[in-house]
Amino acid sequence: MHDKIVVGLDIGTTKICVVVGKLDEYNKLEILGMGTSVSDGVKEGTISNINKTVYAITQAIEDAENKSGIDIRVVNVGVADKHITSQLHHGSITRSEREAEITVDDINRLTNDMYRIVTEPGTEIIHVMPQHYTVDYEQNVKDPVGMVGVKLEADFNIITAHSNAIRNIKKCVQRAGLEIDNLILEPMASSLSVLGEEEKKAGVAIVDIGGGTTEVAVLSLGGIVYARSVRVGGDKMDDAIIQYVRRTTNLLLGEMSAERVKKEIGSATMPDDGEGMTVQIKGRDLMNGVPREIAINEAMIAESLEEPVEQIVEAVKLALEATPPELAADIVDKGIMLTGGGALLRNLDVELRERTGLPVSIADDPLSCVVRGSGTV
């Protein structure tokens, strides 16, 4: 069997990332090259400037082509959108021959019917995830292919996103001279890169914290059971630091300075020793307009980050509350996996562990989870 070349594209708020990989017969991805560029045309996970985004995609693609030696024409794209919703729907079909075995075509016909359901105005379906099947009166069937029966039913989790957001993604990718093979929700993409086969079958929560949004998803049997997006990420953390410093010291920080402070002494919890670590920061004095340097400590930054951290925690708790009871035991066992650049905020895993009572782990390479996972589709 020949190895398959696949390309994942992650259009993020802070950066565009492209990974070129080779899938072997066991669906394992060997990375051949990765390209990145600064993302100037995306705000809070949504494309706000087509031309800037097209340029950034083109730069990242060229970088990945140079490093991999592969001419890129087709990509799998990770999708993040503040309007993502998750709904359960029931579907059924009646087969004409009782004794004929259920086939993959029957499954596809039942699944395709779900794409015709009416969604909220301005939204469209991006994923249809079967939860379990029923064949005649036999319930909780995982794979009905080969069984016999007249009525085939299933509960589906329908994932929708804002139509304009999807159209703008497609427009940018096409203008960059590329074709889209698959669109995949970012938490789903992350799960493909960080979870083992046993974990994918069990219930697990993925929390992908990007630059503009945090995507929370509960997964089971390789599919999404629940999905939610909130407009909080690394950029909002930076802004919270800027506003706090401005309010408490009359010093105006730049975005790069705020991000540096976040990376150096940022924490989701207060330090045990009072003030914690201290760094020097430079900005513009709002009283007289001249440059000024001050010392700022870890406790101050932790206080400034309380609101965005709380929003992330609440989004996770809402997802857990919406989780079907039959998955609760799995999630208690497998817990929560943090991905995305925001997962690197110190002690965020500790805060989530204390607030949820669940095990929380951070992916080995959280920054590239989405693009690596997109490449395995």
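Placed above this text is the structure.
Attention now goes to the sheet that holds strand β8 (residues 123-135). The antiparallel open sheet is built from four strands, whose spatial order is β7-β10-β8-β9. Whereas interior strands pair on both sides, the edge strands pair on one side only; in this sheet they are β7 (85-94) and β9 (138-141). Here the average twist between neighbouring strands, direction ignored, is 35°. Both β8 and β9 contribute to a ladder of two bridges, which runs antiparallel. Looking at the pairing, Tyr133 lines up with Val141 of β9.

All right, on to the packing of helix α9 (residues 306-321) against helix α11 (residues 348-356) then. Packing of α9 against α11 brings their axes to within 11 Å, and their N-to-C directions diverge by 45°. Of the possible angle classes, the one that applies to α9 and α11 is oblique. As for the relative orientation of α9 and α11, their crossing is right-handed in sense. Along its contact with α9, which presents Val309, Glu310, Val313, Glu314, Val316, Lys317 and Leu320, the element α11 presents Leu348, Glu351, Leu352, Arg355 and Thr356. Here the contact of α9 with α11 is composed, by residue class, of six nonpolar, one polar and five charged.

Moving on, we come to the sheet that holds strand β16 (residues 278-285). The strand order across the open sheet formed by three strands is β15-β16-β17, and the pairing between neighbours is antiparallel. Looking along the sheet, the strands with just one partner apiece sit at the ends: β15 (251-252) and β17 (291-297). Where β15 lies against β16, two bridges are found, and the strand directions are antiparallel. Of the residues in β16, the one forming a bridge with Leu251 is Asp285. Seen against the sheet, helix α7 (residues 255-265) touches β16 and β17 and runs at an angle of roughly 165° to β16.

As a further point, take the environment of Ile224. With respect to the helices, strands and loops of the structure, Ile224 is situated in strand β14 (residues 223-230). For the pair formed by Ile224 and Gln131, sequence separation is 93 residues and the distance between their alpha carbons is 8.6 Å. The contact partners of Ile224, leaving out residues within four places of it in the chain, are Met129, Gln131, Asn157, Ile159, Leu185, Met188, Ala217, Val218 and Leu219.

A few words now on the pairing of strand β6 (residues 74-79). Across the six residues of β6, five count as buried, placing the element largely inside the fold. Where strand β1 (residues 4-11) lies against β6, three bridges are found, and the strand directions are parallel. Following the sheet pairing, Leu9 is matched in β6 by Val77. As paired elements, β6 and strand β11 (residues 179-185) share six bridges and run parallel to each other. Following the sheet pairing, Asn76 is matched in β11 by Asn182.

Bringing the packing of helix α1 (residues 50-68) against helix α3 (residues 163-175) into the picture now. α3 packs onto α1 with a crossing angle of 50° between their chain directions and a minimal axis gap of 9 Å. On the basis of their axis angle, the class for α1 and α3 is oblique. As for how α1 packs across α3, the hand of that crossing is right-handed. On the side of α1, the interface is formed by Ile50, Asn51, Thr53, Val54 and Ile57, while α3 contributes Asn168, Lys171, Cys172, Val173 and Arg175. Looking at side-chain class alone, the contact of α1 with α3 contains five nonpolar, three polar and two charged residues.

Moving on to the state of the cysteines. Between two cysteines, a covalent bond joining their sulfur atoms is known as a disulfide. By the definition in use, this model includes zero disulfides. Left without a disulfide partner, Cys172 is nearest to the cysteine sulfur of Cys17, which lies 17 Å away. By relative accessible area, Cys172 is classed as buried at 0%. Cysteine Cys369 is unpaired, with the sulfur of Cys17 as its nearest cysteine sulfur at 11 Å.

Counted by the stated rule, this structure contains 17 salt bridges. Put simply, Glu30 and Lys22 hold a salt bridge, and the shortest N to O gap is 3.6 Å. Of the residues examined, Glu30 reaches a relative accessible area of 43% and is grouped as partly exposed. Here Asp63 and Lys67 are joined by a salt bridge, their closest N and O atoms 3.4 Å apart. Highlighted residues: Asp63 and Lys67, both in helix α1, separated by four residues, approximately one helical turn. When salt bridges with common partners are traced through the structure, they connect Glu310, Glu314, Lys317, Glu351 and Arg355 into a single cluster.

This part takes up the environment of Ser163. Tracing the chain through its elements places Ser163 in helix α3. For Ser163, a relative accessible area of 8% translates into the label buried. Discounting chain neighbours no more than four positions away, the residues touching Ser163 are Gly122, Thr123 and Glu124. Of the polar contacts made by the side chain of Ser163, one reaches the backbone oxygen of Thr123; its length is 3.3 Å.

Analysis parameters
- Residues numbered from 1 in each chain as written.
- Predicted model: local features only at pLDDT ≥ 70, side-chain atom pairs only at ≥ 80, totals over all residues.
- Heavy atoms only, no water.
- Pairing = 2+ DSSP bridges.
- Helix = DSSP H or I, 4+ residues; strand = E, 2+ residues; numbered from the N terminus.
- Axes fitted to C-alpha atoms, helices over the stretch in contact; angles between N-to-C directions.
- Parallel < 35°, antiparallel > 145°, perpendicular 65-115°, else oblique.
- Left-handed = near helix turned anticlockwise from the far one by under 90°.
- Contact = heavy atoms within 4.5 Å.
- Nonpolar A, V, L, I, M, F, W, Y, C, P; charged D, E, K, R; others polar.
- Buried < 20%, exposed > 50% of the residue type's maximum accessible area, 1.4 Å probe, protein only.
- Disulfide = S-S within 2.5 Å.
- Salt bridge = Lys/Arg side-chain N within 4 Å of Asp/Glu carboxyl O.
- Polar contact = N/O pair within 3.5 Å; in protein donor to acceptor, adjacent residues only side chain to side chain.

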